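# Understanding the architecture of this molecule
These are the residues of each chain, in order.
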Amino acid sequence: MSESLVSDLMEHALSAACAASVRAAVTLGLPEALGDAPATIDELATAVSANPEALRRLMRSLTSYGVFAEKGDDSFIHTEKSLALREDVPHSVKYLVLWCTEQWLWPLWGRLDEAVRTGGEVFTQAHGRRFYSQLHTEWPKSAKVFDLAMTQQTRLSAVTIADMLSLSGVATIADVGGGQGVVLGALLDRHPALRGFLLDLPDVVANADARLRPGGDLADRVRLVPGDCLEAVSADADVYLFKNILGVNEDDSVRILRNAVRAAKPGTRMVIVENFVDEDGPGRTLAAAMDLRMLLVIGGQKHTRAGLLRIAERAGLTVHDVRPVDSSLHMIETTAPM
Ligand SMILES: C[S@@+](CC[C@H](N)C(=O)[O-])C[C@H]1O[C@@H](n2cnc3c(N)ncnc32)[C@H](O)[C@@H]1O
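The structure presented is a predicted model; accordingly, all values stated were derived computationally and were not measured.

Conventions and cut-offs
- Residues numbered from 1 in each chain as written.
- Predicted model: local features only at pLDDT ≥ 70, side-chain atom pairs only at ≥ 80, totals over all residues.
- Heavy atoms only, no water.
- Near = heavy atom within 4 Å.
- Polar contact = N/O pair within 3.5 Å; in protein donor to acceptor, adjacent residues only side chain to side chain.
- Areas by Shrake-Rupley, 256 points an atom, 1.4 Å probe, with all protein chains shown as cover.
- Helix = DSSP H or I, 4+ residues; strand = E, 2+ residues; numbered from the N terminus.
- Nonpolar A, V, L, I, M, F, W, Y, C, P; charged D, E, K, R; others polar.
- Pairing = 2+ DSSP bridges.
- Axes fitted to C-alpha atoms, helices over the stretch in contact; angles between N-to-C directions.
- Contact = heavy atoms within 4.5 Å.
- Salt bridge = Lys/Arg side-chain N within 4 Å of Asp/Glu carboxyl O.
- Buried < 20%, exposed > 50% of the residue type's maximum accessible area, 1.4 Å probe, protein only.

Our next topic: the site of the ligand. The ligand sits among 17 residues. The nearest are Thr154, Gly177, Asp200, Asp228 and Lys243. One of the backbone N or O atoms of Gly177 is found 2.7 Å from a nitrogen atom in the ligand. Asp200 places a side-chain nitrogen or oxygen 2.6 Å from an oxygen atom of the ligand. Burial of the ligand by the surrounding chains reaches 89%, relative to a free accessible area of 580 Å². A per-element tally of the shell around the ligand places helix H12 (residues 140-164) first, with three residues. Taken together, the residues that form the shell around the ligand break down as eight nonpolar, six polar and three charged.

So, in structure tokens, the structure goes:
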């Protein structure tokens, strides 16, 4: 057995150290503590109230992943990755990192074998309630991190989606499970006559982007619709958008689409934006990891291309087109049955 094979496997097995290091960088506030000028360990340790020796060890781990870089004189500078962890940059991923590494998630990873044996989630047994119920009743801080993480993730693709989605002649669009409304906001900015429905769970729409809430500049063109899309989709729109909300099991995905079909006129456009877990390319490892996380937490999944097309077909939709949005997302254009 080669030495490199052993070290590769050891690295895989110890990859929790990578996740924990990135999380610790954020929770300690290191990205904000380091400014434009290089800083020594002692200066950083003072700024974030840390033990200098232990911080030195954390920085050794972080720099090995390209998060911060060490200059020759035992001082540190920002890299593109460490800068993206700052809260105050335009494309910050701070809340995405926090969401991917929430404290309650760590014990669930240890039960992955159990989830694989049963094919179901392990969250409910660990916490006594299903995930969304626990999040919105017991964990308000985590719920906030989730909403901000989804917003940060979606900011990266919202403008591209607005570029791709042809909405000429469309008066209304419903963003089902639209989170805080980043995509809807981008669509309303692009099409000044367009009106939109933002549908999501009650706590989420209550914390929608300020521009969409009463008093915001887009508020008079938006209806906020709190509700459970597994029960009903309460909006009569010309186009329905489902972006990253079919990460549930296949039957529930079909149920969400059917609820929209029930609310819509025959032949209405239904646009699905999702990751394909089986797509080759740089996003493959990430998609596989998100897929496993969904299994653990909600018994959900990232679907394959064929799986999503089957879901659309089972919901009675006709698929017209499948196009890449970026390196990880695809847009599936469909219409409801006539
Ligand atoms: C992965 S996020 C995607 C949010 C948004 N579409 C985006 O791409 O940024 C999934 C969204 O679905 C919402 N959601 C989950 N279950 C739901 C349900 N049963 N009814 C309505 N919304 C739900 C969540 O609150 C969350 O905002």
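Moving on, we get to the sheet that holds strand E8 (residues 269-275). Strand pairing in a sheet relies on backbone hydrogen bonds, with the paired strands running either antiparallel or parallel. Within the open sheet, the seven strands sit side by side as E6-E5-E4-E7-E8-E10-E9. Their pairing is mixed. Edge strands, defined here as strands with exactly one partner in the open sheet, are strand E6 (222-226) and strand E9 (318-324). Averaged over all pairs of adjacent strands, the angle between their axes in this sheet comes to 20 degrees, without regard to strand direction. Sheet topology places E8 next to strand E10 (residues 329-335); seven bridges connect them, and they run antiparallel. Within E10, the position partnered with Val271 by the bridge is Glu333. Where helix H13 (residues 182-190) meets the sheet, it contacts strand E4 (172-176), strand E5 (195-200), E6 and strand E7 (239-243), and its direction lies at approximately 180 degrees from that of E5.

The subject of this paragraph is the pattern of salt bridges. Side chains that differ in sign of charge can pair as their charged atoms come close. As enumerated under the stated definition, the model contains 22 salt bridges in all. Here Arg86 ties to Asp88 by a salt bridge, and the two come within 3.0 Å at their closest N and O atoms. Residue classification places Arg86 among the buried residues on the basis of a relative accessible area of 16%. Given a relative accessible area of 54%, Asp88 falls into the exposed group. Salt-bridge contacts for Asp236 lead to Lys265; the nearest nitrogen and oxygen are separated by 3.1 Å. Placement of the pair is Asp236 in the loop between E6 and E7 and Lys265 in the loop between helix H15 (250-263) and E8, with a sequence separation of 29 residues. By relative accessible area, which is 43% here, Asp236 ends up partly exposed. Taking relative accessible area as the criterion, Lys265 reaches 46% and is therefore assigned partly exposed.

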